[in-house]
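# Chain and residue survey
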Amino acid sequence: QVQLVESGGGLVQPGGSLRLSCAASGSTSSIYSMGWYRQAPGKQRELVATVTSGGSTNYVDSVKGRFTISRDNAKNTVYLQMNNLKPEDTAVYYCNALRNLIGSVFATDWGQGTQVTVSS
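This write-up is about the structure you can find in this document. Note that the coordinates shown come from a computational prediction; the quantities given were computed from them, not determined experimentally.

Quick notes on the rules
- Residues numbered from 1 in each chain as written.
- Predicted model: local features only at pLDDT ≥ 70, side-chain atom pairs only at ≥ 80, totals over all residues.
- Heavy atoms only, no water.
- Phe/Tyr/Trp six-rings, centres within 6.5 Å; stacked < 30°, edge-to-face > 60°.
- Helix = DSSP H or I, 4+ residues; strand = E, 2+ residues; numbered from the N terminus.
- Buried < 20%, exposed > 50% of the residue type's maximum accessible area, 1.4 Å probe, protein only.
- Lys NZ or Arg CZ within 6 Å of the ring centre and 35° of its normal.
- Disulfide = S-S within 2.5 Å.
- Salt bridge = Lys/Arg side-chain N within 4 Å of Asp/Glu carboxyl O.

A complete count under the given rule lists two aromatic pairs for this structure. Where Tyr32 meets Phe106, the ring centres are 5.9 Å apart and the plane angle is 70°; that geometry is what we call edge-to-face. A residue pair is termed long-range when its members are at least 10 positions apart, and Tyr32 in strand 4 (residues 31-39) and Phe106 in strand 10 (residues 105-110) qualify at 74 residues. In this structure Tyr32 comes out as partly exposed when scored by relative accessible area, which is 43%. Between Tyr37 and Trp110 the ring centres are 4.9 Å apart and the planes differ by 65°, which places this aromatic pair in the edge-to-face class. Here Trp110 lies in strand 10 and Tyr37 lies in strand 4, a separation of 73 residues in the sequence. A relative accessible area of 33% means that Trp110 is categorised as partly exposed. Sitting above the plane of the Tyr79 ring, Arg19 keeps its charged end 4.0 Å from the centroid.

And the structure:
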């Protein structure tokens, strides 16, 4: 298993910035990709951004141009730089790790979540 610990959430005004961090430990050598998901009250959990160990990234349309995901493979840490935050970005943000066990078999691990609130 991989243990994930998020940090960096908090309260910020619209237009402000936050940087989320997720530190992974455990079976980190098998990690294929890491990402950030979020879930707002009454909404389904959605994928925000992912990054593979090779550096390929993917973003949900609503955050393109505002959020940047990055990783430090040596530290087994993934970051989410969030700029120009909007009230609709308010959610609990969860870190995720996708591990390749064998062939096409994958496993996922989740962090405990960190609250991001964008309000004036």
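Another point: the state of the cysteines. What the rule picks out here adds up to one disulfide. Across the disulfide, Cys22 is cross-linked to Cys95 (sulfur-sulfur distance 2.0 Å). Taking the torsion about the sulfur-sulfur bond, which here is approximately -85°, the covalent link between Cys22 and Cys95 counts as left-handed. Of this pair, Cys22 sits in strand 3 (residues 18-26) while Cys95 sits in strand 9 (residues 91-102), and the two are 73 residues apart along the sequence. Looking at Cys22, the relative accessible area reads 0%, which means it is buried.

Counted according to the given criterion, the structure contains five salt bridges. We note a salt bridge from Glu46 to Arg38, for which the minimum N-O separation is 2.7 Å. The class for Glu46 is partly exposed, based on a relative accessible area of 27%. Among the salt bridges present, the one from Asp89 reaches Arg66, with a minimum N-O distance of 2.8 Å. Here Arg66 lies in the loop between strand 6 (57-59) and strand 7 (67-72) and Asp89 lies in the loop between strand 8 (77-82) and strand 9, a separation of 23 residues in the sequence. Of the residues examined, Asp89 reaches a relative accessible area of 0% and is grouped as buried. Overall, Arg66 belongs to the buried group, its relative accessible area being 9%. Three or more residues joined by partner-sharing salt bridges are found here, namely Arg38, Glu46, Arg66 and Asp89.

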